[in-house]
2 protein chains.
Amino acid sequence: MDTFVLHEEPISGNCYKIRLTAALLGIPLERRLYSILKGETRTAEFLHTVSSFGRVPVLQVGDSTFLPESNAACFYLADAASASCSSSPSSSPQVVGPLIPRDPLRRAEMLRWMFFEQNQHEVNIATLRFWVHVIGERDLDGARRVQIQGKFAAGEQALDCMEDHLAKSEHGWFVGDSITLADICLFAYTHLAGDAGFDLARWPAILKWCEQVRQVQGYIPMN
Amino acid sequence: MDTFVLHEEPISGNCYKIRLTAALLGIPLERRLYSILKGETRTAEFLHTVSSFGRVPVLQVGDSTFLPESNAACFYLADAASASCSSSPSSSPQVVGPLIPRDPLRRAEMLRWMFFEQNQHEVNIATLRFWVHVIGERDLDGARRVQIQGKFAAGEQALDCMEDHLAKSEHGWFVGDSITLADICLFAYTHLAGDAGFDLARWPAILKWCEQVRQVQGYIPMN
């Protein structure tokens, strides 16, 4: 398997997703740390060598390949782990790793929750957390402050969707009968939602699921 | 292959992605149309039978499976098409359809752009288009109106990212040497960006890529 370097900011849930995926798969990951608040992902060197987009996480694969977008990086690690475990090394690696369902419909359902996470959860809950917990509400500019209420309501809706689904889920996972990337990607900012002002006690199925994630063999906490 | 019904709103670029994917793959798709503005995705019947989340698109697979999230639906169609074309029908379908790269790293790069689309493109460009083109700026409430400037700037940044990548791309596609789901998913709201107030003439590599998408065999326009 290739070597992996994670270019990351330790306070970022998006970065934690990738570390948690690697931990559950037993994949070693070298960490390079950057401070977003100090602008360390906007330096000329970072923009030139890691990502011209000035964002983390970026998963470096081998020496010269750099993969942005947390959920794509999680997918690649699980895919790569599957390939290295394959019993038929000559064939093209299949997307059937331990954290990715083998069945195409289940795999699509996993991706459905990963896209939901990026489109309806992260943009509200993670952004709110960054604003009120990392920057601090007092230091927010007006353009951000006026969005707090709307993002809070949209974040509640996202948590309601998750609660509704988990409450009906036979095994307490988002897809099928074991943990998948959908759970990992949603766990990252859900278990931090308190930082953004959400009281998770309102969503009991989510609380139970968070505890179930923490019990998985290989689990590592964020810090 | 299963039969597919697309529950959709014809003005939605997210719904168009799925129709374009099906068209390029030659997969028949039955359409059920709903008007978002008339609240037809919030009726008791829709919430009960199609999706409790009250959103379209939803891809219905067979009689009883309903898959929300446009990019997950595109992925499933390409995956299903691959399975039905497989030369080894007894094996589990591989994610190596015509629109999904066979190589795991290329596949992750495709997903990278699909997550980018949902996290940094759709939430700005599609939302702005809905606000200023479908609802109309005069009829927007204050909470939305104050976000227009920020969403416009973030939309420009997303287009800059795409332009930067496409200008360096050897074949003019987002990943590899042929069209993938990354191109389809990004095309949907990019080719409609004019509706949201973006002048695509500022991004020549994007304009050229849009034309390249339109030349692909099987292409269908949105309306």
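Scroll up a little and you will see the structure.
Cut-offs applied
Residues numbered from 1 in each chain as written. Chains lettered and ligands numbered in written order. Predicted model: local features only at pLDDT ≥ 70, side-chain atom pairs only at ≥ 80, totals over all residues. Heavy atoms only, no water. Helix = DSSP H or I, 4+ residues; strand = E, 2+ residues; numbered from the N terminus. Rg over C-alpha atoms; globule rule 2.2 N^0.38 Å. Contact = heavy atoms within 4.5 Å. Areas by Shrake-Rupley, 256 points an atom, 1.4 Å probe, with all protein chains shown as cover. Lys, Arg positive; Asp, Glu negative; His and termini not counted. Charge placed at Lys NZ, Arg CZ, Asp CG, Glu CD. Axes fitted to C-alpha atoms, helices over the stretch in contact; angles between N-to-C directions. Parallel < 35°, antiparallel > 145°, perpendicular 65-115°, else oblique. Nonpolar A, V, L, I, M, F, W, Y, C, P; charged D, E, K, R; others polar. Buried area = accessible area lost by both parts, 1.4 Å probe. Salt bridge = Lys/Arg side-chain N within 4 Å of Asp/Glu carboxyl O. Polar contact = N/O pair within 3.5 Å; in protein donor to acceptor, adjacent residues only side chain to side chain. Buried < 20%, exposed > 50% of the residue type's maximum accessible area, 1.4 Å probe, protein only. Pairing = 2+ DSSP bridges.

Asker: Just checking my understanding: could you explain the overall build of chain A for this structure?
Answerer: For chain A, the helix and strand inventory stands at eight helices and four strands. Rg of the C-alpha trace for chain A: 18 Å, near the compact-globule value of 17 Å for 223 residues, within the 12% margin. Taking the principal axes of the C-alpha coordinates as reference, chain A spans close to 55 × 50 × 25 Å. Pairs at least 24 apart in sequence give 68% of the contacts found in chain A among residues at least 6 apart. For chain A, the accessible area works out to roughly 9500 Å², and carbon and sulfur atoms hold 49% of it. If the 20 positive side-chain charges of chain A are averaged to one point and the 26 negative ones to another, these points end up 2 Å apart.

Asker: Help me understand the packing of helix H6 (residues 148-168) of chain B against helix H8 (residues 204-214) of chain B, please; the structure alone is not making it clear to me.
Answerer: All names here are of chain B. Between H6 and H8, the least distance of the axes is 8 Å, while the angle of their chain directions is 75 degrees. The pairing of H6 with H8 is recorded here as roughly perpendicular in orientation. Between H6 and H8, the contacting residues are Leu 159, Met 162, Glu 163, Leu 166 and Ala 167 on the first element and Pro 204, Ala 205, Ile 206 and Trp 209 on the second. Here the contact of H6 with H8 is built from residues that sort into eight nonpolar, no polar and one charged.

Asker: Even after reading the chapter, I still don't get the interface of chain B and chain A, so can you show me in this structure?
Answerer: Interfaces are often described in size by the accessible area the parts lose on coming together. Taken together, the contact between chain B and chain A spans 38 residues of the former and 38 residues of the latter. The junction of chain B with chain A conceals about 3700 Å² of combined surface from both sides, 65% of it contributed by carbon and sulfur atoms. The largest contributions to the chain B side of the interface with chain A come from Phe 53, Arg 112 and Phe 115 of chain B, which together make up 18% of the buried area. The tally of links from chain B across to chain A stands at two salt bridges. Among the salt bridges present, the one from Asp 79 of chain A reaches Arg 107 of chain B, with a minimum N-O distance of 3.1 Å. Taken together, chain B and chain A are joined by twelve residue pairs in polar contact (both at pLDDT 80 or more). Put simply, the parts of the chain that give the side of chain B that touches chain A at least two residues each are strand E4 (65-68), helix H3 (70-85), helix H4 (104-136) and H6 of chain B. The element best represented in the side of chain B that touches chain A is H4 of chain B, accounting for 16 residues. By residue class, the composition of the side of chain B that touches chain A is 20 nonpolar, nine polar and nine charged.

Asker: Is there a simple way to explain the pattern of salt bridges in this structure?
Answerer: Where side chains of opposite charge bring their charged atoms close, a pairing between them can arise. For the coordinates displayed, the defined rule picks out 20 salt bridges over all chains. We note a salt bridge from Arg 32 of chain B to Glu 30 of chain B, for which the minimum N-O separation is 2.9 Å. Judged by relative accessible area, Arg 32 of chain B falls into the partly exposed class, the value being 36%. Take Glu 30 of chain B: its relative accessible area is 42%, and that puts it in the partly exposed class. Here Asp 164 of chain B and Lys 168 of chain B are joined by a salt bridge, their closest N and O atoms 3.2 Å apart. A residue pair is termed a helical-turn pair when its members lie 3 or 4 positions apart in one helix, as Asp 164 of chain B and Lys 168 of chain B do in helix H6 at four residues. When its relative accessible area of 29% is taken as the criterion, Asp 164 of chain B is described as partly exposed. Through salt bridges that share partners, Glu 8, Arg 19 and Arg 31 of chain A make up one connected network.

Asker: Help me understand the sheet that holds strand E4 (residues 65-68) of chain A, please; the structure alone is not making it clear to me.
Answerer: Strands belonging to one sheet form pairs held by backbone hydrogen bonds; the direction of such a pair is parallel or antiparallel. Residues and elements named next belong to chain A. Strand order across the open sheet formed by four strands is E2-E1-E3-E4, with mixed pairing between neighbours. Across the chains shown, the open sheet's two edge strands, defined by having one partner strand only, are strand E2 (30-33) and E4. Across the sheet, the mean angle separating the axes of adjacent strands is 25 degrees when strand polarity is ignored. Judged from the four bridges that link them, strand E3 (residues 58-61) and E4 form a sheet pairing that is antiparallel. Across the sheet, residue Val 61 finds its bridge partner in E4, namely Thr 65.

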